[in-house]
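A closer look at the structure
The chain contents come next:
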Amino acid sequence: MELYVLFGTFTVLLLIGTPVAFCLGTASFATIVYLGLPPVVVFQRLNSGVSVFALMAIPFFIYAGVLMVRGDIARRLVALAGTWVGSFRGGLGQVNIVASVLFGGVSGSAAADASAIGGLMIPQMRDKGYDVDYAVNVTVVSSIIALMLPPSHNLIIYSISGGGRISIADLFTAGIIPGIILALSLMTAAWFVAKKHNYPTEPFPGFRIMGSLFIGAVPGLILIAIIFGGVRSGVFTASESSCIAVVYAFLITALAYRTLSWEAFTDATFAAVRTTAMVLLVIGCAASFGWLLAYLRVPAELVVFLQGLSENPFVILLMINIALLVLGTFMDMSPLIVITTPIFLPVAVAFGVDPVHFGIIMILNLGIGLCTPPVGAVLFVGCAVGNVPVWQAVRSIWPFYFAALATLLLVTYIPALSLWLPALFR
């Protein structure tokens, strides 16, 4: 009955449009009262959920990403990507994907990627004769590459939701190869769609211009090396890395590029504060919800239930993937990570799946959910930037969905894609 109260309250509130943080907090409070426990337990768990030192990295990585968006870094990375792949079939679509890889290594946010890259690329693609729904689809699905690369704050949330025992450095490293595979899969899909519609290519600008644009983009690219290299080498922690990233992003955009005005700086600061407040409130409320799941032995019971269905890890991972894909269509990514990690991670570990490997599976899976209606946050951002109805974009997005799902299957059933690089660095 306790589970009916917990999930029933949460579902009803979610269906009537209550913000997800309040759904989690209210459901936890109602269940605590039903169990006869002191209501203060909810607030204690909420406080302990956000009183984690590793969470310090999230607001600073968000701030660094917003500064880079406001500081014209995206335009330079797009121009650099254009010199590399613009001459491929459907050139601007290929540029869009490669730019998402580069910018994802700076921002770590799918929404920021879709907004910044989409704001630059979608109007260009429309002017060059590309269908606007194609431009939006490429932008939306390629933006989830950012979730796989450092400094993805969702990887940090997963580490903390897993009890804080999963190395953030390993997660940052584990996402690199899957992120590249996802980019190559999307580039292949974009090539086939471009060939079918006879989209144009871009002329090769020459090595001199390529070198000039690369030099101009180097200060922004160095941030990737600072974040990844510092954390991976152990020179500083993820939290320290995030602080250094903010200082570096400010110095580069304000002094080196001179593109960060006072108005852009204040806008970036307030935007980072708002985003951080939303993320931490969700994490805190989800911590109370997760504690109740553990108190009611939901993970243990789920392991027993799944063992009764099958002892094959491949089947278990398939069922978990399907469950996450369905959940990802109805909820945003951060709360789902906090809610589902305590449920599914023990199940995956019980069937011999490495926690780092499972983290990459989960992040990629839920990233696909960000591109899927009815609650696809990144899909809505892309459609808003491209001024396209959601139904029109979804109608033609299937080649990119299939490419992302194929990558998910590869990452799920070939653990070495996620685990080889962390082992090499260790």
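As the structure is a computational prediction, the values presented were derived from the model and not from experiment.

Here we take up the overall build of the protein. If you tally the helices and strands in the protein, you get 22 helices and 0 strands. Scaling as 2.2 N^0.38, a compact globule of 426 residues should have a C-alpha radius of gyration of about 22 Å, and the protein matches this with 21 Å. Going through the 426 residues of the protein one by one, you find that 54% of them count as buried. Partitioning the contacts of the protein with sequence separation of at least 6, the portion at a separation of at least 24 is 79%. Surface summary for the protein: the accessible area is close to 17,400 Å², and the carbon and sulfur share equals 70%. For the protein, the distance from the average position of its 17 positive side-chain charges to the average position of its 15 negative side-chain charges is 8 Å.

In terms of nonpolar packing, the biggest core is built from 146 residues, with Tyr134 and Phe358 touching the most fellow members. By residue number, the principal contributor to this core is helix α14 (residues 262-295), which donates 12 residues. Once residues lying within four places of it in the same chain are set aside, the contact partners of Phe358 are Tyr158, Ile320, Phe344, Leu345, Ala348 and Val353.

Attention now moves to helix α13 (residues 238-256). Think of an α-helix as turning once every 3.6 residues; residues three or four places apart then point the same way. Spanning 19 residues, α13 covers 25 Å between terminal C-alpha atoms, matching the ideal 27 Å at 1.5 Å per step. Those residues of α13 that sit buried are Ala238, Ser239, Ser241, Ser242, Ala245, Val246, Tyr248, Ala249, Ile252, Thr253 and Ala254. Next to the buried residues of α13 lie α4 (57-70), α5 (73-85), α10 (168-174) and α12 (207-233). Positioned one or two residues after α13, Arg258 has a phi angle of 55°, which is positive.

Glancing now at the side chain of Thr341. You can see Thr341 is positioned in helix α17 (residues 333-350). A distance of 2.5 Å separates the side chain of Thr341 from the backbone oxygen of Ile337, its partner in a polar contact. Look past the residues within four positions of Thr341 in its chain and what remains in contact with it is Tyr158, Ser161, Gly162, Leu336, Pro346 and Met362.

A few words on the confidence of the model for the protein. Considering every residue of the protein, the mean pLDDT works out to 85; 100% of them sit at 70 or more. Averaged pLDDT values for the elements of the protein fall to 75 in helix α15 (residues 298-309) and rise to 95 in helix α21 (residues 398-413).

Looking now at helix α11 (residues 176-197). For α11, which comprises 22 residues, the first-to-last C-alpha distance of 31 Å matches the rise-based estimate of 32 Å (1.5 Å per residue) to within 8%. Positioned one or two residues after α11, Asn198 has a phi angle of 60°, which is positive.

Right, let's talk about the packing of aromatic side chains for a bit. Counted by the stated rule, this structure contains 14 aromatic pairs. Between Phe250 and Phe265, the ring centres sit 5.6 Å apart and the planes meet at 65°, which makes this aromatic pair edge-to-face. With Phe250 in helix α13 and Phe265 in helix α14, this residue pair connects regions lying 15 residues apart in the sequence. Its relative accessible area of 35% is what places Phe250 among the partly exposed residues. Judged by its relative accessible area of 22%, Phe265 falls in the partly exposed class.

Okay, a nonpolar patch on the surface next. Taken together, Phe29, Val33, Val40 and Phe43 make up a surface patch of nonpolar side chains, about 360 Å² in accessible area. Secondary-structure elements contributing two or more residues to the nonpolar patch are α2 (20-35) and α3 (40-50). Relative to the elements of secondary structure, Phe43 occurs in helix α3.

Scoring rules and cut-offs
- Residues numbered from 1 in each chain as written.
- Predicted model: local features only at pLDDT ≥ 70, side-chain atom pairs only at ≥ 80, totals over all residues.
- Heavy atoms only, no water.
- Helix = DSSP H or I, 4+ residues; strand = E, 2+ residues; numbered from the N terminus.
- Rg over C-alpha atoms; globule rule 2.2 N^0.38 Å.
- Buried < 20%, exposed > 50% of the residue type's maximum accessible area, 1.4 Å probe, protein only.
- Contact = heavy atoms within 4.5 Å.
- Areas by Shrake-Rupley, 256 points an atom, 1.4 Å probe, with all protein chains shown as cover.
- Lys, Arg positive; Asp, Glu negative; His and termini not counted.
- Charge placed at Lys NZ, Arg CZ, Asp CG, Glu CD.
- Core = buried A, V, L, I, M, F, W, Y, C linked by side-chain atoms within 4.5 Å.
- Expected span 1.5 Å × (residues − 1).
- Polar contact = N/O pair within 3.5 Å; in protein donor to acceptor, adjacent residues only side chain to side chain.
- pLDDT = per-residue confidence, 0-100.
- Phe/Tyr/Trp six-rings, centres within 6.5 Å; stacked < 30°, edge-to-face > 60°.
- Patch = residues over 30% accessible without salt bridge, like charges linked within 9 Å, V, L, I, M, F, W, Y side chains within 5 Å.
- Salt bridge = Lys/Arg side-chain N within 4 Å of Asp/Glu carboxyl O.

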